[in-house]
Amino acid sequence: MKKIDLLYEGKAKKVYTTEDPNLLIVDYKDDATAFNGEKKGTIHNKGIINNRVTNHLMKLLEKEGIPTHLVEEISDRETIVKKVTIVPLEVIVRNIAAGSLSKRLGLPEGTKLDSTVLEYCYKDDALGDPMVNNYHIFALHLATQEELDTIADYAFRVNQFLSDYLKDLNIELIDFKIEFGRTPDGKIILADEISPDTCRFWDSKTHEKLDKDRFRRDLGHVEDAYQEIMKRLLGE
Ligand code: ADP
Ligand code: UDP
């Protein structure tokens, strides 16, 4: 399968059409951005790590009964995926307070949340991805009630599975963002990526940050953190 046209170039990935109208090739870049594109940089080999980590986790999630867009990894940085219409929501799941939640609610980072928090943000860079609730989602026709029920169910199941899986690798899953898409026959499936760019991973013992916060906050050892995640998940 070969890339034909560049369909879309985002901040972290390029998306290409293929000879099959139902399949795309995603090509992961080393480019890193934060704060809605205000901070820019590169993280050496991030594209390789995010491609491999995403595919590893999506394979495991498929086995757990969560449908994903993954078809086949074809190179270090490239993967064939099912083409979907992305539901324009960032679906955020939180176990421990951090980042924007800590700021918004005045909870120190690291505060355990007594129950899992699910949030939605409207995917719109020009608006800065504002948080929305179910009522906004229905009023703006971003998803139907049935689709949102499926999305919430999958999001909690992804959280449960990943939290347990990562715990055994001495990684605490603080929070993460996932995206879903609609297949041509109207099914909701997990799309985009699950990587240190889109999750907060803390070492269970030291609470050291092993994710994109090292880049966002200039904590140093950014590449090492991404490598460490790949090593713990894939053994290399
Ligand atoms: P951004 O758009 O936020 O800059 P990326 O650089 O990661 O993000 O670009 C990848 C784009 O591809 C995202 O907009 C994402 O929603 C979209 N995408 C991910 N998976 C699929 C898929 N299976 N089908 C169609 N689009 C997808
Ligand atoms: N996240 C993401 N993309 C975004 C916003 C957030 O992948 O555009 C992830 C982020 O990595 C974290 C979780 O979603 O794991 C919650 O992020 P938060 O709302 O705390 O935002 P931030 O502090 O990154 O601004």
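Residues numbered from 1 in each chain as written. Chains lettered and ligands numbered in written order. Predicted model: local features only at pLDDT ≥ 70, side-chain atom pairs only at ≥ 80, totals over all residues. Heavy atoms only, no water.

Peer 1: Mind showing me how you'd approach helix H4 (residues 145-167) here?
Peer 2: Given 3.6 residues per turn, any residue in an α-helix points the same way as the ones three and four places further on. With 23 residues, H4 extends 33 Å between its outermost C-alpha atoms, agreeing within 8% with the 33 Å of an ideal straight helix rising 1.5 Å per residue. Looking only at H4, the buried set comprises Glu147, Leu148, Ile151, Ala152, Tyr154, Ala155, Val158, Asn159, Phe161, Leu162, Ser163 and Leu166. (Helix = DSSP H or I, 4+ residues; strand = E, 2+ residues; numbered from the N terminus. Expected span 1.5 Å × (residues − 1). Buried < 20%, exposed > 50% of the residue type's maximum accessible area, 1.4 Å probe, protein only.)

Peer 1: Please explain the packing of helix H1 (residues 46-63) against H4 as it appears in this structure.
Peer 2: At a minimum axis distance of 11 Å, the contact between H1 and H4 shows a crossing angle of 115°. In terms of crossing hand, the pair formed by H1 and H4 is right-handed. Residues His56, Leu57, Leu60 and Leu61 of H1 pack against Val158, Phe161, Leu162 and Tyr165 of H4. The residue makeup of the contact of H1 with H4, split by class, is 7 nonpolar, 1 polar and no charged. (Axes fitted to C-alpha atoms, helices over the stretch in contact; angles between N-to-C directions. Left-handed = near helix turned anticlockwise from the far one by under 90°. Contact = heavy atoms within 4.5 Å. Nonpolar A, V, L, I, M, F, W, Y, C, P; charged D, E, K, R; others polar.)

Peer 1: Can you help me understand the site of ligand 2 in this one?
Peer 2: Near ligand 2 you find 14 residues, and of these Arg94, Ser100, Asp175, Arg200 and Arg216 are the closest. In this structure, an oxygen atom belonging to ligand 2 sits 3.2 Å away from a side-chain N or O atom of Glu90. One of the side-chain nitrogen or oxygen atoms of Arg216 is found 2.9 Å away from an oxygen atom of ligand 2. Coverage of ligand 2 by the protein amounts to 77% of the 510 Å² it exposes when considered alone. Counting only elements with at least two residues in the shell around ligand 2, the list comes to strand E9 (89-96), helix H2 (99-105), strand E12 (171-182) and strand E14 (199-203). Its residues assigned to classes, the shell around ligand 2 comprises 4 nonpolar, 3 polar and 7 charged. (Near = heavy atom within 4 Å. Polar contact = N/O pair within 3.5 Å; in protein donor to acceptor, adjacent residues only side chain to side chain. Areas by Shrake-Rupley, 256 points an atom, 1.4 Å probe, with all protein chains shown as cover.)

Peer 1: Explanation requested: the environment of Lys177 in the structure shown.
Peer 2: Along the chain, the position of Lys177 falls in strand E12. Given the relative accessible area of 14%, Lys177 is considered buried. If we skip the residues at most four places from it in the chain, Lys177 touches Glu90, Val91, Ile92, Asp192, Glu193 and Thr198. A polar contact of 2.9 Å, which involves the side chain of Lys177, links it to the side chain of Glu179. A distance of 3.3 Å separates polar atoms of two side chains, one belonging to Lys177 and the other to Asp192.

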